[in-house]
Amino acid sequence: MSDDESEGETGPDVRDYQRVRVGAQDNTCRQAIRRDYRQLITDTQDNKHEFVQPDNDGLHQALIKANSLFSKVDLPREAALDSQSLVVISTLATQKAKQLHSKFIEFRPCEFLEKLMTRMG
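The structure presented is a predicted model; accordingly, all values stated were derived computationally and were not measured. (Residues numbered from 1 in each chain as written. Predicted model: local features only at pLDDT ≥ 70, side-chain atom pairs only at ≥ 80, totals over all residues. Heavy atoms only, no water.)

Applying the stated criterion across every chain, the model contains four salt bridges. Ionic pairing is found between glutamate 78 and arginine 34, a salt bridge with its closest N-O pair at 2.8 Å. Here arginine 34 lies in helix α3 (residues 27-46) and glutamate 78 lies in helix α6 (residues 76-99), a separation of 44 residues in the sequence. With relative accessibility at 0%, the residue glutamate 78 sits in the buried group. In this structure arginine 34 comes out as buried when scored by relative accessible area, which is 7%. Here the salt bridges do not stand alone but share partners, grouping Arg30, Arg34 and Glu78 into one network. (Salt bridge = Lys/Arg side-chain N within 4 Å of Asp/Glu carboxyl O. Helix = DSSP H or I, 4+ residues; strand = E, 2+ residues; numbered from the N terminus. Buried < 20%, exposed > 50% of the residue type's maximum accessible area, 1.4 Å probe, protein only.)

With 20 residues, α3 should reach 28 Å at 1.5 Å per residue; the first-to-last C-alpha distance of 28 Å fits that figure. Contact partners of the buried residues in α3: α4 (48-51), α5 (58-70) and α6. (Expected span 1.5 Å × (residues − 1). Contact = heavy atoms within 4.5 Å.)

Formed by 15 residues in total, the largest nonpolar core has its most connected members in Tyr37, Leu40, Leu59, Ile89 and Leu92. Breaking this core down by element, the ones donating at least two residues are α3, α5 and α6. Not counting the four nearest positions on each side in its chain, leucine 40 is found in contact with Ala62, Lys65, Ala66, Leu69 and Ser85. (Core = buried A, V, L, I, M, F, W, Y, C linked by side-chain atoms within 4.5 Å.)

In this section: α6. Taking 1.5 Å per residue as the helical rise, α6 with its 24 residues ought to reach 34 Å, and the 35 Å between its terminal C-alpha atoms agrees with that figure. Those residues of α6 that fall on the buried side of the exposure criterion are Glu78, Leu81, Asp82, Ser85, Val88, Ile89, Leu92 and Lys96. Tucked into the core, α6 has its buried residues touching α3, α4 and α5.

In short, the description is geometric, and any link to function would need to be established separately.
In structure tokens:
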């Protein structure tokens, strides 16, 4: 059986599909995307102390940049860098959220007992 016959019976080879996908995004473009992702990750890690401050919107800007880069991603290698950038951003966002203190949520047992005793007499 020749290669043409087997391709006709089972459809195109998976390797042909991969070649088409690689061709859709040339190597120079892919390198630029990887470079931008690595720079985003480095910048986010380098500025982590500023980004976790309550009045800083650096994490939001980093997320916007990651979303912009992701729109150009076609292959797993770049998608892995996208995942890595999101892990860094989400880790810092968690730290930022833990630093936020709200009196609305704060519970002071002693103060609660004093008010309770005052009202109940």
